[in-house]
Every structure is written in C-alpha cells, then in structure tokens.
Amino acid sequence: METTHRELLRASGLVAGYGGNDVCGPLDLVLEAGQALGIVGFNAAGKSTLLRTLVGYQEPVSGESVILGSFTDDSSFIYRKAVSVVFDEDAFFPSLSVEEHLQLIAGGHQIEEAQAAVEAELKFFDLTAARTSYPHRLSSGQRRRLLLAAALLRPSLLLVLDEPEQRLDPVMRAALGLRLRRLADAGTALLVITHDPEFLTMVADSVLLIVDGQVIPASVQDGAASIAHS
Ligand SMILES: Nc1ncnc2c1ncn2[C@@H]1O[C@H](COP(=O)(O)OP(=O)(O)OP(=O)(O)O)[C@@H](O)[C@H]1O
C-alpha cells in the first residue's frame, strides 16, 4: 500500500448541519494515508454530524468533501472498496450468526483465505465462543465487537469510527487502540470520534476540537486535556 502523501480526503469550507442550519464548521482539511485524526468535543458539539458529512452520509450545509478525488458517493465502487465505516448504530441480519456476518463481509470484499481472516477477527474480538449466536443473543459490548470486527476484517484505505471504544471493556479498548495505531502506521487513514483521552492519545496523531460550532485543529495533548475537563 502506498503510504507517502497520498491524499484520501479533502474538505473545503465544509459546514455541517441539518435543514440548512449550521451545527459546526467551516472546515478545511486534507487527510493523507497514514494520518489518524481524532475528533473531540462535548456531547452535541457536532462530532457525528461532521463525520457523517465528511464521508458523504449527509449533505453539507455548504462547502464540499472529496474522497479519493471524487465527491463523496457511498454507492460508488471506489468508495465501497476504500472506505470502512462504523457509526453508532447496530446493523445486523437477525437470522445470521456472528460467524455468518463475518463470512458475508469476507465474501463481499473477495478476501483471500476468507475463513482464516474470519477466525482471526473472532479471536481478536473474543467472539469465538459466540460464533453461532444470533445478534439478539449478544451483549451490547459483543454487538459492538461484531461491528468493529466487520469493519476491520475488510481492507480499507480510510477507516471511519464513531466512538469505537464505546461499550468495550478496558482490555479490549487497549487492544483496539493498539491495532488502530498499527493500521495507521501501515498506511491506513483514520477518522475517529472518541470521548476517551487515553484512547485518543494511543490512536491519534492530530485532533479536531469542536467548540461552540467552531472546528479547531489541536494537538493530541490539547484534545485529551479537553476531554478530561469535559
Ligand atoms: N437528524 C438530525 N436532525 C436535526 N438535528 C440533529 C440531528 N441529529 C443530530 N442533530 C443535532 O445536531 C447537534 C449535533 O449532534 P451530534 O450527534 O453531531 O453531536 P455529537 O458531538 O456527536 O454528540 P455526542 O457526543 O453526544 O455523540 C445536536 O444539537 C443534535 O441535537
């Protein structure tokens, strides 16, 4: 994978909001391969709104966001190959087991050695014993692990995670943080919303801080301090 200065996402004058009303912005941003950008701020500051707008899940109030040189279009082939997203919403097939969900993802993305990749995710996310369970039989933390496993099983150039640490126990949080850091070091670009200062410090190399509708570039230290004081 090419890691040097490959531009994955560019936002220009991006203002995020609903029905023409601003929530936050404007934002000018270039995200390159291997960069891990944390997004922090108080509850309702606009983090999810900004993230969803950046990756094309909702229309900007003004400005634009471009991924891999094209306007964000989550139905395009390139987008689906390149961008892996976990938002804070469960999306499961009720009649497919944990293992079958992962097999489906592996098949859809034509992953080689698919079953070995599925086994590796089951092991990493400690879901092996729950492999035959259906989503409604899982704990909320296990459901979260399954969503993350599905996002990490498939290859991606840009990984977009809204509060990935949510509902994970401390051991799993630390393991996930380390894995995300290694992915960034290997060239994956990350956009990560978090409320956990330790997780932020482990994963991110720069931060956007949302305060009173302004999106302010900040250091990881300042981002972590602002979470700790919130
Ligand atoms: N679908 C929607 N329509 C209108 N307003 C919305 C919608 N979703 C969220 N909002 C509003 O946008 C603002 C920002 O919400 P958002 O979910 O982006 O905040 P957040 O920073 O991610 O919060 P949290 O830390 O609580 O997850 C809030 O005032 C919220 O009420």
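In what follows, the structure referred to is the one given above.
These lines cover the structure that appears in this document, whether it is placed above or below.

Conventions and cut-offs
- Residues numbered from 1 in each chain as written.
- Predicted model: local features only at pLDDT ≥ 70, side-chain atom pairs only at ≥ 80, totals over all residues.
- Helix = DSSP H or I, 4+ residues; strand = E, 2+ residues; numbered from the N terminus.
- Rg over C-alpha atoms; globule rule 2.2 N^0.38 Å.
- Buried ≥ 20, exposed ≤ 12 C-beta atoms within 10 Å, placed from the backbone.
- Contact = placed C-beta atoms within 7 Å.
- Near = placed C-beta within 6 Å.
- Nonpolar A, V, L, I, M, F, W, Y, C, P; charged D, E, K, R; others polar.
- Pairing = 2+ DSSP bridges.
- Axes fitted to C-alpha atoms, helices over the stretch in contact; angles between N-to-C directions.
- Parallel < 35°, antiparallel > 145°, perpendicular 65-115°, else oblique.
- Left-handed = near helix turned anticlockwise from the far one by under 90°.
- Core = buried A, V, L, I, M, F, W, Y, C linked by C-beta atoms within 7 Å.

Quick look at the overall build of the protein now. A tally of helices and strands in the protein yields 8 helices and 10 strands. On C-alpha atoms alone, the protein measures out to a radius of gyration of 17 Å, which is about the 17 Å that the 2.2 N^0.38 rule sets for 230 residues. For the C-alpha atoms alone, the extent of the protein along its principal axes is close to 45 × 40 × 35 Å. Relative to its 230 residues, the protein shows a buried fraction of 40%. Considering only intrachain contacts with a sequence separation of at least 6, the fraction spanning at least 24 residues in the protein is 65%.

Taken together, the neighbourhood of the ligand is formed by Y18, V23, G41, N43, A44, A45, G46, K47, S48 and T49. Examining the composition of the shell around the ligand, we find that 3 residues originate from one element, helix α1 (residues 47-54), more than from any other. Residues that form the shell around the ligand fall into these classes: 4 nonpolar, 5 polar and 1 charged.

What follows concerns the pairing of strand β1 (residues 7-18). Of the pairings in the sheet, the one linking β1 to strand β2 (residues 21-32) comprises 8 bridges and is antiparallel in character. Paired with A16 across the strands is C24, a residue of β2. Counting the residues in the hairpin turn of β1 and β2 gives 2 residues, including G19, whose phi is positive at 55°. Relative to strand β4 (residues 62-67), β1 runs antiparallel, the two sharing 5 bridges. Opposite V15, over in β4, you have S62 as the bridge partner.

Here we take up the packing of helix α3 (residues 98-108) against helix α4 (residues 114-124). One way to put it is that α3 packs onto α4 with a least axis distance of 9 Å and a crossing angle of 135°. On the basis of the axis angle, α3 is oblique to α4. Here α3 runs over α4; the crossing is right-handed. Counted together, E99, L102, Q103, A106 and G107 of α3 and A114, A117, V118, E121 and L122 of α4 form the full contact between these two elements.

It is worth spelling out the environment of L122 at this point. Inspection of the secondary structure assignment puts L122 in helix α4. For L122, a count of 21 C-beta atoms within 10 Å translates into the label buried. In the structure, L122 is positioned 30 residues away from F92 in sequence and 16 Å away in space, judged by C-alpha atoms. Those residues within four positions of L122 in sequence are excluded, and the remaining contacts are E99, L127, T128 and R131.

To continue, consider the nonpolar core. Core analysis: the largest hydrophobic core is formed by 62 residues, its most contacted members being I39, A149, L153, L158, L190, L191 and V192. Element by element, the count of residues in this core is highest for helix α5 (residues 140-153), at 7 residues. When residues no more than four places from it in sequence are discounted, the contact partners of A149 are L102, E121, F125 and L127.

This paragraph deals with the sheet that holds strand β3 (residues 36-41). An order of β6-β7-β8-β3-β9-β10 is seen for the 6 strands of this open sheet, with the pairing classed as mixed. Of all strands in the sheet, those with a lone pairing partner are β6 (83-86) and β10 (214-218), marking the two edges. This sheet shows a mean twist of 15° between the axes of neighbouring strands, independent of strand direction. With 5 bridges connecting them, strand β9 (residues 206-211) and β10 associate as antiparallel partners. What sits directly across from V207, in β10, is A218. Against the sheet, helix α8 (residues 220-228) touches β3, β9 and β10, its axis set at about 40° to β9.

The subject of this paragraph is unusual backbone geometry. Cis geometry is adopted by the peptide bond preceding P26, which originates at G25 and carries an omega value of 0°. Summarising the element assignment, P26 is placed in strand β2. Residue A44 is not a glycine yet carries a positive backbone phi of 70°. Mapping A44 onto the fold places it in the loop between β3 and α1.

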